[in-house]
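# Fold and geometry: a report
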Amino acid sequence: MARTADHDARRRQMARAARDVALDEGLSGVTVASVARRAGVSVGLVQHYFSSKGALMQRVFVDLLADVDSRVATIVEQGEEEAASIREMAALGLAELLPLDAARIRECQVRREFHALAAGDEGIAVVARDSDRAFRERLAGVVRNAQRRGEAASDVEPRRVAQQLWVTVVGIGATMLLDPSLSGTELLRDAVTSAFPHPCGRQWAVM
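Because the structure is a prediction, the values reported are computed rather than measured. (Residues numbered from 1 in each chain as written. Predicted model: local features only at pLDDT ≥ 70, side-chain atom pairs only at ≥ 80, totals over all residues. Heavy atoms only, no water.)

### Structural notes on the overall build of the protein chain
Counting secondary structure elements, the protein chain contains nine helices and zero strands. The N-to-C order of helical and strand elements in the protein chain reads α-α-α-α-α-α-α-α-α. A burial count over the protein chain gives 43% of its 207 residues as buried. Within the protein chain, contacts between residues separated by at least 24 positions form 71% of all contacts whose residues are at least 6 apart in sequence. As displayed, the protein chain has an accessible area near 10,600 Å², and 52% of this comes from carbon and sulfur atoms. Within the protein chain, one finds 27 positive and 28 negative side-chain charges whose respective centroids are separated by 4 Å. (Helix = DSSP H or I, 4+ residues; strand = E, 2+ residues; numbered from the N terminus. Buried < 20%, exposed > 50% of the residue type's maximum accessible area, 1.4 Å probe, protein only. Contact = heavy atoms within 4.5 Å. Areas by Shrake-Rupley, 256 points an atom, 1.4 Å probe, with all protein chains shown as cover. Lys, Arg positive; Asp, Glu negative; His and termini not counted. Charge placed at Lys NZ, Arg CZ, Asp CG, Glu CD.)

### So, the packing of aromatic side chains
With the rule as written, the count across this model stands at two aromatic pairs. Ring geometry for Phe-61 versus Phe-114: centroids 4.3 Å apart, planes at 10°, classification stacked. Pair noted here: Phe-61 is in helix 4 (residues 53–81) and Phe-114 is in helix 6 (residues 102–118), with a separation of 53 residues, a long-range link. Overall, the relative accessible area of 0% leaves Phe-61 in the buried class. Here Phe-114 falls in the buried class, since its relative accessible area comes to 0%. (Phe/Tyr/Trp six-rings, centres within 6.5 Å; stacked < 30°, edge-to-face > 60°.)

### So, the nonpolar core
The biggest cluster of nonpolar side chains holds 31 residues, and the ones touching the most others in it are Leu-94, Leu-97, Leu-165, Val-169, Leu-188, Val-192 and Phe-196. Within the residue set of this core, elements represented by two or more residues are helix 4, helix 5 (86–95), helix 7 (122–149), helix 8 (158–178) and helix 9 (184–195). Per element, the largest residue contribution to this core is seven residues, and it comes from helix 8. The residues contacting Leu-165, other than those within four sequence positions of it, are Leu-94, Leu-139, Ala-191, Val-192, Ala-195 and Phe-196. Core analysis: the next-biggest nonpolar cluster, separate from the first, contains 29 residues, Ala-18, Val-35, Phe-50 and Met-57 among them. (Core = buried A, V, L, I, M, F, W, Y, C linked by side-chain atoms within 4.5 Å.)

### Details of the pattern of salt bridges
Any two side chains of opposite charge can pair, so long as their charged atoms come close to each other. Scanning the model with the defined rule gives 16 salt bridges in all. In this structure, Glu-96 and Arg-104 form a salt bridge, with 3.4 Å as the shortest nitrogen-oxygen distance. You can call Glu-96 buried: its relative accessible area is 13%. Overall, Arg-104 belongs to the buried group, its relative accessible area being 15%. Within this structure, Arg-71, Glu-96, Asp-101, Arg-104, Glu-107 and Arg-111 form a network of salt bridges that share partners. (Salt bridge = Lys/Arg side-chain N within 4 Å of Asp/Glu carboxyl O.)

### Topic: the confidence of the model for the protein chain
Taken over all residues, the pLDDT of the protein chain has a mean of 92, while the share at 70 or more is 94%. No element of the protein chain has a lower mean pLDDT than helix 1 (residues 2–25), which averages 85, and none a higher one than helix 8, which averages 97. (pLDDT = per-residue confidence, 0-100.)

### A closer look at the layout of surface pockets
In this structure, the largest pocket occupies an estimated 320 Å³ of space. Contributing to the lining of the largest pocket are 17 residues, with Leu-97, Arg-111, His-115, Trp-166 and Val-170 lying nearest its centre. For the lining of the largest pocket, the secondary structure elements donating two or more residues are helix 4, helix 6, helix 7 and helix 8. Counting residues per element, the lining of the largest pocket draws most heavily on helix 8, which supplies six residues. Split by residue class, the lining of the largest pocket holds ten nonpolar, three polar and four charged. (1 Å grid on protein atoms, 1.4 Å probe; cavity = no way out; pocket = protein on both sides within 12 Å on 5 of 7 lines; lining within 4 Å. Points joined across faces, edges and corners; volume = space filled by probe spheres on them. Nonpolar A, V, L, I, M, F, W, Y, C, P; charged D, E, K, R; others polar.)

This is the structure we're talking about:
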């Protein structure tokens, strides 16, 4: 078991180094050599754990998306503890996808680089599609919870609402990267208020 754990830790160490290179230098800066330098290991060791640059890039993308999911999950947990509304939790959670500070700007830029790369890389495309669909499904679950609690209209189709929110936040994020003066947070809150227009005493959301 210890040997397996060591291998897992090594792989995570190199994947995290690759993610850091991507955020600092963009995807063009991610090479086996740059990852080895950042992780403090040999090029051969990186190649041992990641058989190709493609495999390494897929892991970077997965880890980047997992970071966002983790932050959203933390927001939901805190919101539940504080008896926040689903509307408030959804607004805060979806805002994690927007370039609202230096760290999230770089994250959004790298995500867009990955989406561009996906056009010619099916492995990256699969990661992007699967992640987006999973997020939309979780968001549809939030809408169902809101319907049960009275915060969303009972006659709306949850997946449709989730898709509309998803497209809205992706569009806002892309536009903000080009024009930071866009009031992205306000636009997002308008969309979330439209999806969850009614007050409720106590809500539970899972994103």
